[in-house]
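The residues making up each chain are set out below.
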Amino acid sequence: MMMKFNVTDMTCGHCVKSITEAIHAVAPDALVLCDLSTKLVQVDGEYLPQDIENAIKDAGFHSQAS
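A brief look at the structure comes next. What you see is a predicted model; the values in this text were computed from it and never measured.

Here we come to the nonpolar core. Core analysis: the biggest nonpolar cluster contains 17 residues, and Val7, Ile19, Ile23, Val41, Val43, Ile52 and Ile56 have the highest contact counts within it. At the level of elements, strand S1 (2–6), helix H1 (13–26), strand S3 (40–44) and helix H2 (49–58) are the ones that each hand at least two residues to this core. Among the elements that take part in this core, H1 stands out by supplying four residues, more than any other. With near-sequence residues (within four places) excluded, Ile56 lies in contact with Phe5, Val7, Ile19, Ile23, Phe61 and Ser63.

Another aspect to go through is the pairing of strand S2 (residues 31–35). In terms of strand pairing, S2 meets S3 through five bridges, oriented antiparallel. Considered in S3, the bridge of Leu33 is made with Gln42. The turn joining S2 and S3, which pair antiparallel and follow one another in sequence, is formed by four residues; a positive phi near 60° is taken by Lys39.

With respect to the element layout, Ser63 can be found in the loop between H2 and strand S4 (64–65). Since its relative accessible area comes to 10%, Ser63 is described here as buried. Those residues in contact with Ser63 that sit more than four places away from it in its chain are Phe5, Asn6, Val7, Glu53, Ile56 and Lys57.

Using the criterion set out here, one finds two salt bridges in the structure. In this structure, Lys17 engages Glu21 in a salt bridge whose closest nitrogen and oxygen atoms are separated by 4.0 Å. Of this pair, Lys17 and Glu21 both sit in helix H1, four residues apart, roughly one helical turn. For Glu53, the salt bridge identified is with Lys57, shortest N-O distance 3.9 Å. Of this pair, Glu53 and Lys57 both sit in helix H2, four residues apart, roughly one helical turn. Looking at Lys57, the relative accessible area reads 42%, which means it is partly exposed.

Conventions used here
Residues numbered from 1 in each chain as written. Predicted model: local features only at pLDDT ≥ 70, side-chain atom pairs only at ≥ 80, totals over all residues. Heavy atoms only, no water. Core = buried A, V, L, I, M, F, W, Y, C linked by side-chain atoms within 4.5 Å. Buried < 20%, exposed > 50% of the residue type's maximum accessible area, 1.4 Å probe, protein only. Helix = DSSP H or I, 4+ residues; strand = E, 2+ residues; numbered from the N terminus. Contact = heavy atoms within 4.5 Å. Pairing = 2+ DSSP bridges. Salt bridge = Lys/Arg side-chain N within 4 Å of Asp/Glu carboxyl O.

Right, dumping it as structure tokens:
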């Protein structure tokens, strides 16, 4: 299942790394794609969207499922 999240405060490569690591902490085998230009994070895997959103927030970013 492909989930999409808008992360408006994702601004650089370090943000991408932090978000990716946070998601992999709760979803180790998920495919994570981050697009800085659109502020979009896509996650492919069989996980609850709320768990992914909480991981992004726990990493210090604001996210909203899209």
